[in-house]
Amino acid sequence: MKKIALLGAMALSLLSPLAAIADDAKPLRIGIEAAYPPFAFKTPDGKITGFDYDIGNALCEEMKVKCQWIEQEFDGLIPALKVRKFDAVLSSMTITEERKKSVDFTGKYYQTPVKLAMKAGTVINDPLADLKGKKVGVQRASVYDRYATDVFAPAGVEVVRYSSQNEIFLDMTAGRLDATLADAVNIDDGFLKTDAGKGFALVGPDYTEQKYFGEGAGIAVRKGDKALADKITAAIAAIRANGKYKEVQDKYFTFDVYGE
């Protein structure tokens, strides 16, 4: 009996490394909203592309795992992560204290300013006074939504929520909105540089309050999944050190998108 137990223990010890290898070989399922250029969007043939997508693939390559991308509307990303539809969210999600109550984050992988976009020539000196009575579009469940709800709405600004930023841009063009509060790079690339964005501009101050706009964009994992968060954070540092991050960045931006 002792020999049988010993043989069983030896078999388990041999299988354990194989189990670990099999686990490492599993694809990393990543949730993304592909409607947020230049960070994530669809090509004319329906393929996902953008900075987030390319960074994710670079991270998977560094970690020697396969990326499996799963599309999800932004406001459903955290709920879907919690029910294990995917293992991580890489979708320009700002790291905030509020979100940290629900998920854990890697270190940041970029940080860009937040601005208003309105008709070109609009002067905004005091946003709360100058926006009173106007309609400001924000993406539902975003940091912009939370800020507008807490700060703009009590000052008499009408906050209008949308499922995607692209829908907001359409309503800006149609004259159904006076402004949008969003990431300045997304506004510039996804709207101002397009034909639909002609006649609009970034206006007013930068919005930088850390309470709302956090510490930059990070990759969310399920609460307590420290091992995965640490592994991805190490991979972010690695691709920044080996030049892969800059290679991806330079496809989309003419500045250091990582920030300070």
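Figured I'd write up the structure that's included with this text. These numbers were taken from a predicted model, which means no experiment stands behind them.

Take the pairing of strand β8 (residues 135–139) next. A large share of β8 lies buried, amounting to four of its five residues. In this sheet, strand β9 (residues 158–162) lies alongside β8 in parallel orientation, the contact comprising five bridges. Each bridged residue has a counterpart across the sheet, and for V138 the counterpart in β9 is R161. Following the chain from β8 across helix α6 (residues 143–152) to the adjacent parallel β9, one finds a crossover that is right-handed. Taken together, the two bridges between β8 and strand β10 (residues 179–183) define a ladder with parallel strand orientation.

This paragraph deals with the packing of helix α2 (residues 51–63) against helix α11 (residues 244–252). One way to put it is that α2 packs onto α11 with a least axis distance of 10 Å and a crossing angle of 165°. Regarding the angle of α2 to α11, the classification is roughly antiparallel. Where α2 crosses over α11, the two elements pack in a sense that is right-handed. Here F51, D54, I55 and A58 of α2 come into contact with α11, specifically with K244, Y245, V248, Q249, K251 and Y252.

Time to look at the state of the cysteines. Overall, the coordinates contain one disulfide when judged by the stated rule. At a sulfur-sulfur separation of 2.0 Å, the disulfide partner of C60 is C67. The S-S bond linking C60 to C67 shows a torsion near 95°; that makes this disulfide right-handed. On the accessibility criterion, C67 (12% relative accessible area) is buried.

Between its first and last C-alpha, helix α10 (residues 226–242) extends 24 Å over 17 residues, near the 24 Å set by a 1.5 Å rise per residue. All buried positions along α10 are accounted for by L228, A229, I232, A235, I236 and I239. For α10, the buried positions fall inside an angular range of 125° around the axis, keeping them on one side. Facing away from the buried side of α10 by over 90 degrees, the exposed positions are K226, A227 and A241. Next to the buried residues of α10 lie β1 (28–32), α2, β6 (103–105), β12 (217–222) and α11. Phi turns positive one or two residues past the end of α10, at G243, with a value near 95°.

Quick look at the pattern of salt bridges now. Opposite charge on two side chains lets them pair, provided their charged atoms get close. As enumerated under the stated definition, the model contains 17 salt bridges in all. Linking R29 and D87 is a salt bridge whose minimum nitrogen-to-oxygen distance equals 2.8 Å. Of this pair, R29 sits in strand β1 while D87 sits in the loop between α3 (77–82) and β5 (88–94); the two residues are 58 residues apart in sequence, bridging distant segments of the chain. Between E247 and K244 there is a salt bridge, and its shortest N-O distance comes to 3.2 Å. Of the two residues, E247 and K244 both sit in helix α11, three residues apart, roughly one turn of that helix.

This part covers the sheet that holds strand β11 (residues 200–207). An order of β9-β8-β10-β7-β11 is seen for the five strands of this open sheet, with the pairing classed as mixed. Every interior strand has two partners, whereas the edge strands, β9 and β11, have only one. Ignoring which end each strand starts from, the neighbouring axes of this sheet average 30° apart. The strands that helix α8 (residues 184–192) touches are β7 (114–119), β10 and β11; relative to β10, the one it contacts most, it runs at about 120°.

Turning our eyes to something else, we now look at the environment of F213. Relative to the helices and strands, F213 is located in helix α9 (residues 210–213). Along the backbone, F213 and V114 are 99 residues apart, and their C-alpha atoms lie at a distance of 8.0 Å. Those residues in contact with F213, other than ones at most four positions away along the chain, are T94, V114, V143, Y144, Y147, L181, Y207 and T208.

Looking now at the nonpolar core. It is characteristic of soluble globular proteins that their nonpolar side chains tend to be buried jointly. Among the nonpolar cores identified, the biggest contains 57 residues, and F51, L59, L116, F152 and L181 are the most heavily contacted of them. Beyond its immediate stretch of four places on either side in the chain, L116 contacts I124, L131, V136, F152, A179, T180, L181, A201, L202, V203 and Y207. Counting 13 residues, the second largest nonpolar core, distinct from the first, contains I70, L77, L81 and F86.

The next subject is unusual backbone geometry. Note the cis peptide between P37 and P38, where omega equals 0°. Mapping P38 onto the fold places it in the loop between β1 and β2 (41–42). Non-glycine residue K64 carries a positive phi angle of around 60°. Here R84, not a glycine, exhibits a phi torsion of approximately 70°, which is positive. Relative to the elements of secondary structure, R84 occurs in the loop between α3 and β5.

What counts, and at which threshold
Residues numbered from 1 in each chain as written. Predicted model: local features only at pLDDT ≥ 70, side-chain atom pairs only at ≥ 80, totals over all residues. Heavy atoms only, no water. Buried < 20%, exposed > 50% of the residue type's maximum accessible area, 1.4 Å probe, protein only. Helix = DSSP H or I, 4+ residues; strand = E, 2+ residues; numbered from the N terminus. Pairing = 2+ DSSP bridges. Right-handed = clockwise from strand over helix to strand, strands pointing away. Axes fitted to C-alpha atoms, helices over the stretch in contact; angles between N-to-C directions. Parallel < 35°, antiparallel > 145°, perpendicular 65-115°, else oblique. Left-handed = near helix turned anticlockwise from the far one by under 90°. Contact = heavy atoms within 4.5 Å. Disulfide = S-S within 2.5 Å. Expected span 1.5 Å × (residues − 1). Arc of directions from axis to C-beta. Salt bridge = Lys/Arg side-chain N within 4 Å of Asp/Glu carboxyl O. Core = buried A, V, L, I, M, F, W, Y, C linked by side-chain atoms within 4.5 Å.

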